[in-house]
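Coordinates in review
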Amino acid sequence: KLLEEHIHFLQHDIDLIIPVPIHKQRLQERGFNQSTEFIRTTAAKLNIPLVQNCLIREHQTHSLYALGRNERQHELQGVFRCIAPEIVHNKKILLFDDIITSGATFSECASVLKDAGTKEILGLTLCKTL
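A few points on the structure.

Rules behind the numbers
Residues numbered from 1 in each chain as written. Predicted model: local features only at pLDDT ≥ 70, side-chain atom pairs only at ≥ 80, totals over all residues. Heavy atoms only, no water. Buried < 20%, exposed > 50% of the residue type's maximum accessible area, 1.4 Å probe, protein only. Helix = DSSP H or I, 4+ residues; strand = E, 2+ residues; numbered from the N terminus. Pairing = 2+ DSSP bridges. Right-handed = clockwise from strand over helix to strand, strands pointing away. Axes fitted to C-alpha atoms, helices over the stretch in contact; angles between N-to-C directions. Contact = heavy atoms within 4.5 Å. Lys, Arg positive; Asp, Glu negative; His and termini not counted. Salt bridge = Lys/Arg side-chain N within 4 Å of Asp/Glu carboxyl O. Polar contact = N/O pair within 3.5 Å; in protein donor to acceptor, adjacent residues only side chain to side chain.

Description of the pairing of strand 4 (residues 92–100)
Put simply, side chains in a regular strand alternate between the two faces of the sheet. By the criterion of burial, strand 4 is predominantly enclosed, with seven of the nine residues buried. Sheet analysis places strand 1 (residues 16–19) next to strand 4, joined by four bridges and oriented parallel. Bridge pairing in strand 4 links Pro 19 to Phe 96. Strand direction decides the pairing type here: strand 4 and strand 5 (residues 120–128), joined by eight bridges, are parallel. Across the sheet, residue Lys 92 finds its bridge partner in strand 5, namely Glu 120. In the classification by handedness, the crossover that spans strand 4, the intervening helix 6 (residues 104–115) and the parallel strand 5 is right-handed.

Thoughts on the sheet that holds strand 5
With parallel pairing, the three strands of this open sheet are ordered in space as 1-4-5. The sheet is open, and its two borders are formed by strand 1 and strand 5, each paired with just one other strand. When the angles between neighbouring strand axes are averaged without regard to direction, this sheet yields 25°. Packed onto the sheet, helix 6 meets strand 1, strand 4 and strand 5 and runs at close to 160° relative to strand 4.

Quick word on the side chain of Arg 57
Relative to the helices and strands, Arg 57 is located in strand 2 (residues 55–57). Among buried Asp, Glu, Lys and Arg side chains, Arg 57 stands out as unpaired, with Asp 97 the closest opposite charge at 6.7 Å. Within the local environment of Arg 57, its side chain forms a polar contact with the backbone oxygen of Pro 21, the two atoms lying 3.2 Å apart. Beyond its immediate stretch of four places on either side in the chain, Arg 57 contacts Pro 21, Ile 22, His 23, Leu 76, Val 79 and Phe 80.

In short, geometric facts, not functional conclusions.
Okay, here's the thing in C-alpha cells:
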C-alpha cells in the first residue's frame, strides 16, 4: 500500500517501471529478483507496465556492502546495458530498487537508460542504509 501511494504521487505520466536487474547467475541461485517482486503488484494495481528484460546486469559484481561511494561507482561502471532501447526511447521511467546505499547503482542504471534515449527517470527505493 505504501509503494502504491508513493508511486501514485509520482505517477504523472510514468510510462514504465524498471526494477534494477540482478545478474543472471544470481537470479538462477535465488530464483527471483527481489526488486521485481516488491514492485510487481504495485505496478499491476496502478496499470503501469513492469519491464524486466530491457535493462540487464551484464557482469556479476563483488559485494558492494563495504565499499565507499567512489569505489561503488568504479565497480559498477559498464555493468548494466539496455538491450532494447526502443522500449525506453522517449519514455518516463520509474527505476525501482529495494535498497539504496550510496546511489551508485541508481546513477549507473540511469546513465545507461539516458544513453538509450529515455526522456526522464525517477528513482524509488524501499529503504536507505545508514
